[in-house]
Amino acid sequence: MIGRIHSFETFGTVDGPGIRFVVFMQGCNFRCKFCHNPDTWFKEGGKEYTEEEIINEINKYRVYYDKSKGGLTVSGGEPLLQIDFLIELFKLAKKNNISTALDTAGDIDMESSMCLKKIDELLKYTDLALLDIKEIDEKKHINLTGKSNKNTIKFAEYLNKKNIQTIIRYVYVKGINDSEETINGLRLIKSNMKNILEIDVLGYHKMGEYKWKELGLNNEFINITPPTSNEVKEIKKYLNSKISN
Ligand code: SF4
């Protein structure tokens, strides 16, 4: 099968445990104002690869992934937009004893029996989910990303039902998505779902700003100040702290 890939990273250290081969898929249905990869948005870009070609690439560096208990992470863009390819890629990865992680915003229609069937198939070969939750308030989520978060929350519940180990990923944009409602909402999700290992916090940064410029996109976050590493550390600590009864 053919997948449309934006790029690869052979020594990824921030997208799951250990050293990882990260596949950035082309195409995204969100338009996050803080996105540092807007060049992944458009379906038409990227390059075509088969699942065999990707596994062959991974096998070149296998020793590093195996020794560090790492593996393959598929990120984006939004990988679920190419779910049929993803199923084949993860299936082949598992055949090759490669650990798999899916980094997604989970925007898939769980009410559709066809989607559910595909998700069930994909989860059979998924060792870890990295689920991006960007905001708890739906209206603010639409404003921040262009889409509702209803599917994301339903997807989180489904991962819990299926007992798939999950790390929640939250991009912290100071003054934008750090309301009490969002912070406490994320803590509540973690405390209610036993499959969640932790909430990882990625501080908003400006490294993708030049891409917005190159693509001629209107960057509304041009004047937003990134959080300091201490602020990121503090909020991560709080998000992962136990809720007392
Ligand atoms: S979901 Fe990820 S790739 Fe898509 S717009 Fe948001 S940050 Fe960018």
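What you see is a predicted model; the values in this text were computed from it and never measured.

S.K.: Can you walk me through the sheet that holds strand β6 (residues 128-132) in this structure?
M.R.: Pairing between sheet strands relies on hydrogen bonds along the backbone, with the strands arranged either parallel or antiparallel. Pairing in this open sheet of 8 strands is mixed, and the strands run β3-β1-β2-β4-β5-β6-β7-β8 from one edge to the other. Lying at the two open borders of the sheet, with one neighbouring strand each, are β3 (47-50) and β8 (196-203). Ignoring which end each strand starts from, the neighbouring axes of this sheet average 30° apart. As paired elements, β6 and strand β7 (residues 166-172) share 4 bridges and run parallel to each other.

S.K.: Looking at this structure, how should I read helix α7 (residues 180-192)?
M.R.: Each turn of an α-helix holds 3.6 residues, which means side chains three or four residues apart point in the same direction. Across its 13 residues, α7 extends 18 Å between first and last C-alpha, which sits within 8% of the 18 Å expected from 1.5 Å per residue. Within α7 the residues assigned to the buried category are Thr182, Leu186, Ile189 and Lys190. One side of α7 carries all its buried residues, which in axial view fall inside an arc of 95°. Relative to its buried face, α7 has exposed residues pointing more than 90 degrees away, namely Glu180, Glu181, Leu188, Ser191 and Asn192. Those residues of α7 hidden inside the fold are in contact with α6 (150-161), β7, β8 and α9 (229-239).

S.K.: Sorry if this is basic, but what is going on with the pairing of strand β2 (residues 20-25) here?
M.R.: For a regular strand, side chains alternate in direction, first toward one face of the sheet and then toward the other. Most of β2 sits out of view: 6 of its 6 residues are buried. Covered by surrounding structure in β2 are Arg20, Val22 and Phe24 together with Phe21, Val23 and Met25, the residues of both alternating faces. As paired elements, strand β1 (residues 2-12) and β2 share 5 bridges and run antiparallel to each other. In the sheet register, Glu9 faces β2, and the bridge partner there is Val22. Two elements, β2 and strand β4 (residues 71-75), share 5 bridges in a ladder whose sense is parallel. Within β4, the residue paired with Val23 across the bridge is Val74.

S.K.: Quick question: what am I supposed to make of unusual backbone geometry here?
M.R.: Backbone phi values are negative for most residues with the exception of glycine, while trans is the configuration of most peptide bonds. Here the bond from Gly76 into Gly77 is cis, since omega is 10°, no more than 30 degrees from zero. Looking at the secondary structure, you find Gly77 in the loop between β4 and α3 (83-95). If you check the backbone angles, Lys69 has positive phi at about 55° while not being a glycine. Within the element layout of this structure, Lys69 appears in the loop between α2 (62-67) and β4.

S.K.: What should I look at first to understand the site of the ligand in this one?
M.R.: In the vicinity of the ligand, the contacting residues are Cys28, Phe30, Arg31, Cys32, Cys35, Asn37, Thr40, Gly76, Gly77, Glu78, Ala105 and Thr145. For the shell around the ligand, the class distribution of residues is 5 nonpolar, 5 polar and 2 charged.

S.K.: I tried to follow the packing of helix α1 (residues 51-60) against α3 on my own but got confused; where do I start?
M.R.: A pair of packed helices is captured by two measures, namely the crossing angle of their axes and the spacing between those axes. Here α1 crosses α3 at 40°, and the two axes come no closer than 9 Å. Between α1 and α3, the interaxial angle falls into the category oblique. The two elements α1 and α3 cross, and the hand of that crossing is right-handed. Counting all contacts with α1, which are made through Glu51, Glu52, Ile54 and Ile55, the residues of α3 involved are Phe85, Glu88, Leu89, Leu92 and Ala93. The residue inventory of the contact of α1 with α3, partitioned by class, reads 6 nonpolar, no polar and 3 charged.

S.K.: Could you clarify how one ought to interpret the nonpolar core in this entry?
M.R.: Looking at soluble globular proteins, one finds that nonpolar side chains tend to be buried together. Counting 51 residues, the largest nonpolar core has Ile168, Tyr170 and Leu186 as the members making the most contacts within it. The biggest single contributor to this core is α3, with 6 residues. In contact with Tyr170, not counting residues within four places along its chain, are Ile133, Leu186, Ile199 and Val201.

S.K.: For this particular structure, what's the right way to read the packing of α3 against helix α4 (residues 113-124)?
M.R.: For the pair α3 and α4, interaxial distance at closest approach is 9 Å and the crossing angle is 25°. As summarised for this structure, α3 and α4 are arranged roughly parallel, according to the angle between their axes. In this structure, the crossing between α3 and α4 has a hand that is left-handed. Contacts between α3 and α4 involve Ile83, Leu86, Ile87 and Phe90 from the first element and Lys118, Glu121 and Leu122 from the second. Among the residues making up the contact of α3 with α4, the classes are represented as 5 nonpolar, no polar and 2 charged.

Reading guide: rules and limits
Per chain, residues are indexed from 1 in the order of the written sequence. Two thresholds apply to this predicted model, a pLDDT of at least 70 for residue-level local features and 80 or more for giving and counting side-chain atom pairs, whereas whole-chain, interface and lining totals are computed over all residues. Strands qualify as paired when DSSP identifies two bridges or more between them. Starting at the N terminus, helices and strands are each numbered in turn, a helix being any DSSP run of H or I of at least four residues and a strand any DSSP run of E of at least two. Axis lines are fitted through C-alpha atoms, for helices just across the contact stretch, and the angle between N-to-C directions can take any value from 0 to 180 degrees. A helix is expected to reach a length of 1.5 Å times the quantity of its residues less one. Each residue is classified by how many other C-beta atoms fall within 10 Å of its C-beta atom, where C-beta atoms are placed from the backbone; a count of 20 or more means buried, 12 or fewer means exposed, and values in between mean partly exposed. As used here, the arc belongs to the directions running from the helix axis to the C-beta atoms. Two residues form a contact once the distance between their C-beta atoms, set from the backbone, is within 7 Å. Whether a residue is near a molecule or strand depends on its C-beta atom, generated from backbone atoms, being within 6 Å of that molecule or strand. Note on residue classes: Ala, Val, Leu, Ile, Met, Phe, Trp, Tyr, Cys and Pro are nonpolar, Asp, Glu, Lys and Arg are charged, and everything else, Gly too, is polar. Under this scheme an angle from 65 to 115 degrees is roughly perpendicular, one under 35 degrees roughly parallel, and one over 145 degrees roughly antiparallel; angles in between are oblique. In this scheme the crossing of two helices becomes right-handed for a clockwise turn of the near helix relative to the far one and left-handed for an anticlockwise turn of less than a right angle. A set of buried Ala, Val, Leu, Ile, Met, Phe, Trp, Tyr and Cys residues, joined through C-beta atoms within 7 Å, is what we mean by a nonpolar core.

Function cannot be inferred from these measures alone, as they are strictly geometric.
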